[in-house]
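Residue strings, one per chain:
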Amino acid sequence: MQIASPGTLAAGLGSGIAFGALLEKGGAARYEAVEGQLLLRRPRVARLMGSAIATGAIGMHVLTRAGVTQPSIKPLHPREQVAGGILFGLGMALLGYCPGTGVAAAGAGRRDAMVGVLGMLAGAIAFTQIYPRVKARLEADDRGVVTLPEATRTPAWPWIAGLGAAATGSLLHSRRGPELTAAPA
Amino acid sequence: MSERATAVWSPFAAGAALGALEWFTFATAGKGLGVTTPFETAAVLAQRALAPRRSRVERFVQARGESPAIDWEFALVAGIPIGSWLASRGQPAARAVPTLWAQRFGPSVASRYAAAFAGGALMMMGARTARGCTSGHAITGTMQLAASSWLFSTVMAGTAVVAAKLLFGRR
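If you're wondering where the values come from, they're calculated on a predicted model, not measured in any experiment.

Sorry, what's going on with the overall build of chain B here?
When helices and strands are counted, chain B shows eight helices and one strand. When the helices and strands of chain B are placed in sequence order, the string is α-α-α-β-α-α-α-α-α. Summarising the internal contacts of chain B: among those between residues at least 6 apart in sequence, 56% fall at separations of at least 24. On chain B, roughly 7,200 Å² of surface is accessible, and the fraction owed to carbon and sulfur atoms is 63%.

The following block contains the structure:
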């Protein structure tokens, strides 16, 4: 079994501390926020994720163009992503946290999240038992490592601009809301 | 418990900061944020320690084709609860049963814990099937315009919204 160098582990730990702190400060590590988002009653989590995606996309585009880093993406295996997405969605609606917010909520002392993390460990063990039997079927349809621009033969920048526009639009809309619905003076 | 019970950041600010954290992790470690691979690692290590032959865990390791590693992402997941704990200090203790849950399903702690456990298990099985979650696919993958991540995220979000509506009924 491999163990990374102390420097690598320290860097990961530090990044994780920042990650957990941001999820908590952003109000996402709470059942009300996550389940409320799934029920489409509270937009906080979608706004947080959308902003992260837009910001991340712009930065990654710049960093990869500059040769500072390379993309790291999973191959398109539609059966895996569809079957996994369905199971994940069902589980997340029941738990009311995702893995990141669940681990963060557990750290912040929310006991139902701690139980959720135990469930996640149990699920991982169950997965190791089931996977060998279904692997061939899951991976049969392998489309390789592909991005949306590559698949559609379009450049990347319109996609990234679109993400940026969506996040900006969401921000502007959130600021105008109270004015739009305020009663006339 | 209201969202405003304690001071929280604007989700736009927190999200932008998370996006910037991704720049940092990619620039320094060559990796993006992800949470569920370490759970798979822990599952393998636990079975190796507790029941190496009975669990036939090596059959999984061979099939998966990847050696479990205590690596950068493992340390990342270990850091998350430390960060959230630090960020949550000074807040009143949360209820064992969230109010939103109790309004629909009643006050039973056992029921809430049972649902949390089952939900967590199902969610992780889905995450490892898809090789990612809301962090690894829905943020890190979609921001890189990965087709696999856009597919997972769309299916996941659609399923989760429908499932939540069904669970909570018409309200």
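Picking up where we left off.
Would you take a moment to explain the environment of B:Thr36 for this structure?
Its location among the elements puts B:Thr36 in the loop between helix H1 (11-29) and helix H2 (37-50). Setting aside residues up to four positions removed in sequence, B:Thr36 forms contacts with A:Pro99, B:Glu73, B:Met124, B:Ala127, B:Arg128, B:Gly132 and B:Cys133.

For this particular structure, what's the right way to read the side chain of A:Ser51?
Within the secondary structure layout, A:Ser51 lies in helix H3 (residues 44-65). From its side chain, A:Ser51 meets the backbone oxygen of A:Arg47 in a polar contact 2.7 Å long. For A:Ser51, the residues in contact, after removing those within four places along its chain, are A:Ala167, B:Pro11, B:Phe12, B:Gly15 and B:Ala16.

Hey, could you run me through unusual backbone geometry in this one?
Residues and elements named next belong to chain B. Within the chain, Arg-56 stands out as a residue other than glycine whose phi angle is a positive 50°. Mapped onto the elements, Arg-56 comes out in the loop between H2 and helix H3 (57-64). Phi is positive for Leu-145, close to 60°, though the residue is something other than glycine. Relative to the helices and strands, Leu-145 is located in the loop between helix H7 (136-143) and helix H8 (147-168). The buried category is assigned to Leu-145, whose relative accessible area is 4%.

Is there a simple way to think about the interface of chain A and chain B in this case?
In this assembly, 117 residues from chain A lie in contact with 113 residues from chain B. Taking both sides of the interface into account, the surface hidden between chain A and chain B amounts to around 10,400 Å²; carbon and sulfur atoms contribute 73%. Among the salt bridges present, the one from A:Asp112 reaches B:Arg112, with a minimum N-O distance of 2.8 Å. At the boundary of chain A and chain B, one finds 26 residue pairs in polar contact (both at pLDDT 80 or more). Element by element, the count of residues in the side of chain A that touches chain B is highest for helix H6 (residues 111-139) of chain A, at 24 residues. Its residues assigned to classes, the side of chain A that touches chain B comprises 68 nonpolar, 32 polar and 17 charged. Alignment of strand E1 (residues 2-3) of chain A against strand E1 (residues 69-70) of chain B, held across two bridges, turns out to be parallel. Bridge assignment links A:Ile3 to a residue of E1(B), and that residue is B:Ile70.

I tried to follow the nonpolar core on my own but got confused; where do I start?
Most often, soluble globular proteins have nonpolar side chains that are buried together. Ranked by internal contacts, the top residues of the largest apolar core, which has 67 residues, are A:Phe19, A:Phe88, A:Met92, A:Met120, B:Leu18, B:Val35 and B:Phe39. Considering each element in turn, this core owes the most residues, seven residues, to H3(A). Setting aside residues no more than four positions away along its own chain, B:Leu18 makes contact with A:Phe19, A:Leu22, A:Leu23, A:Leu48, A:Ala52 and B:Leu33. One finds A:Tyr131, B:Val44, B:Phe60 and B:Val61 within the second-largest nonpolar core, a separate group that totals seven residues.

Can you walk me through the state of the cysteines in this structure?
Covalent bonding between the sulfur atoms of two cysteines is what defines a disulfide. If you walk through the whole model with that rule in mind, you get zero disulfides over all chains. Unpaired in terms of disulfides, A:Cys98 finds its nearest cysteine sulfur in B:Cys133, a separation of 6.2 Å. Given a relative accessible area of 8%, A:Cys98 falls into the buried group.

Calculation criteria
Residues numbered from 1 in each chain as written. Chains lettered and ligands numbered in written order. Predicted model: local features only at pLDDT ≥ 70, side-chain atom pairs only at ≥ 80, totals over all residues. Heavy atoms only, no water. Helix = DSSP H or I, 4+ residues; strand = E, 2+ residues; numbered from the N terminus. Contact = heavy atoms within 4.5 Å. Areas by Shrake-Rupley, 256 points an atom, 1.4 Å probe, with all protein chains shown as cover. Polar contact = N/O pair within 3.5 Å; in protein donor to acceptor, adjacent residues only side chain to side chain. Buried < 20%, exposed > 50% of the residue type's maximum accessible area, 1.4 Å probe, protein only. Buried area = accessible area lost by both parts, 1.4 Å probe. Salt bridge = Lys/Arg side-chain N within 4 Å of Asp/Glu carboxyl O. Nonpolar A, V, L, I, M, F, W, Y, C, P; charged D, E, K, R; others polar. Pairing = 2+ DSSP bridges. Core = buried A, V, L, I, M, F, W, Y, C linked by side-chain atoms within 4.5 Å. Disulfide = S-S within 2.5 Å.

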